[in-house]
Amino acid sequence: MLNKLVYSLLLSFFFISIVHAQDENTTDEVSTDMIVVKDTVNLNKRDPINILAPSKAAFYSAILPGLGQAYNKKYWKIPLVYAAIGIPVYLYVKNDQDYQLYRDAYKRRLSGFPQASEGDPFPNITNDGLINAQKQLRRNKELALLIAIGAYALNIIDANVDAHLLQFNVDEDLSLRPHFKYNEMENNTNLGLTLNFKF
């Protein structure tokens, strides 16, 4: 029994010394014939989640509308942002100019110039018509301003939500799929959801 133990120990030391000698020889020759094997399991690793990305996107959109969408690489949204903000701003300016025109005409009549006198820009409109036009243009102007502010806020919200959704895990390793199964024993169908985890 003791002989078997001694022989097995000697045999183990012999193999360990051979392996150790081969390791020393291969470290000298690494630069000549080296085979690199890549681990295929870690090739599909996701980028780490950047928790500040939504805040940055919202901040950029607050500074300059459309910049948050550019930060999220959603360049096609930039013209939509500028149209959503630019059209109400244009309508605000246009209604403000028309409002000032009607207001000046009404002030001119209050100062003593009669309707349809020389220099009257609206000879066919009565004083009540000028007052109603001013009210309508003021309402349109305020509405255009509210729409522009709302579009500006939506621009910030869109950039923030889009940055959140860009980090959402949509890999095939985690999926929720509906399934449809026909039960032949009971002659009916079963519907349900299957949650799959792949490791």
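Scroll up a little and you will see the structure.
What this report covers is the structure whose coordinates are included nearby. Just so it is clear, the model here is predicted, and its values are computed rather than measured. Every chain is numbered on its own, with residues counted from 1 as its sequence reads. In view of the model being predicted, local features appear only for residues whose pLDDT reaches at least 70, and side-chain atom pairs are presented and counted only at 80 or more, with totals across whole chains, interfaces and linings using the full set of residues. Computation of side-chain values: all heavy atoms of the structure, hydrogens and water removed.

1. Section: the overall build of the protein chain
Here is step 1 of the chain: Think of it this way: any DSSP run of H or I at least four residues long counts as a helix, any run of E at least two long counts as a strand, and we number them from the N terminus. On a plain count of helices and strands, the protein chain comes out with five helices and two strands.
Here is step 2 of the chain: Order of helices (α) and strands (β) in the protein chain, N terminus to C terminus: α-α-α-α-α-β-β.
Here is step 3 of the chain: Each residue is placed in one exposure class: buried if its accessible area under a 1.4 Å probe, protein chains only, is under 20% of its type's maximum, exposed if it is over 50%, and partly exposed if it falls in between. Looking at the protein chain as a whole, 18% of its 199 residues qualify as buried.
Here is step 4 of the chain: Taking the contacts inside the protein chain whose residues are at least 6 apart along the sequence as the reference set, 49% of them involve residues at least 24 apart.
Here is step 5 of the chain: Only the protein chains shown count as cover for residues, and the accessible areas themselves come from Shrake-Rupley with a 1.4 Å probe. Roughly 15,900 Å² of accessible area belongs to the protein chain as shown, and the carbon and sulfur atoms make up 63% of that amount. The contact criterion used is simple: two residues touch if any of their non-hydrogen atoms lie within 4.5 Å.

2. A word on the packing of helix α4 (residues 77–110) against helix α5 (residues 127–166)
Here is step 1 of the chain: The contact between α4 and α5 brings their axes to 8 Å, and the two run at 160°. Taken together, the axes of α4 and α5 are roughly antiparallel relative to one another. Relative to α5, α4 is oriented so that their crossing is left-handed.
Here is step 2 of the chain: Throughout this entry, Asp, Glu, Lys and Arg are counted as charged residues, while Ala, Val, Leu, Ile, Met, Phe, Trp, Tyr, Cys and Pro are counted as nonpolar. The remaining residues, Gly among them, count as polar. Its residues assigned to classes, the contact of α4 with α5 shows 21 nonpolar, five polar and nine charged. Here an axis means a line fitted to C-alpha atoms, over the contact stretch when the element is a helix, while the angle between two N-to-C directions is reported on a 0 to 180 degree scale. For this classification, under 35 degrees means roughly parallel, over 145 means roughly antiparallel, 65 to 115 means roughly perpendicular, and everything else is oblique. Put simply, a crossing is left-handed when the front helix is turned counterclockwise from the back one by less than a right angle, and right-handed when it is turned clockwise.

3. Let's talk about the pattern of salt bridges
Here is step 1 of the chain: For this document, the term salt bridge refers to a Lys or Arg side-chain nitrogen within 4 Å of an Asp or Glu carboxyl oxygen. By the definition in use, this model includes five salt bridges.
Here is step 2 of the chain: Across the salt bridge formed by K94 and D98, the nearest N and O atoms sit 3.6 Å from each other. Pair noted here: K94 and D98 are both in helix α4, with a separation of four residues, about one helical turn.
Here is step 3 of the chain: K94 sits in the partly exposed class, given a relative accessible area of 36%.
Here is step 4 of the chain: Note on D98: relative accessible area 23%, which makes it partly exposed.

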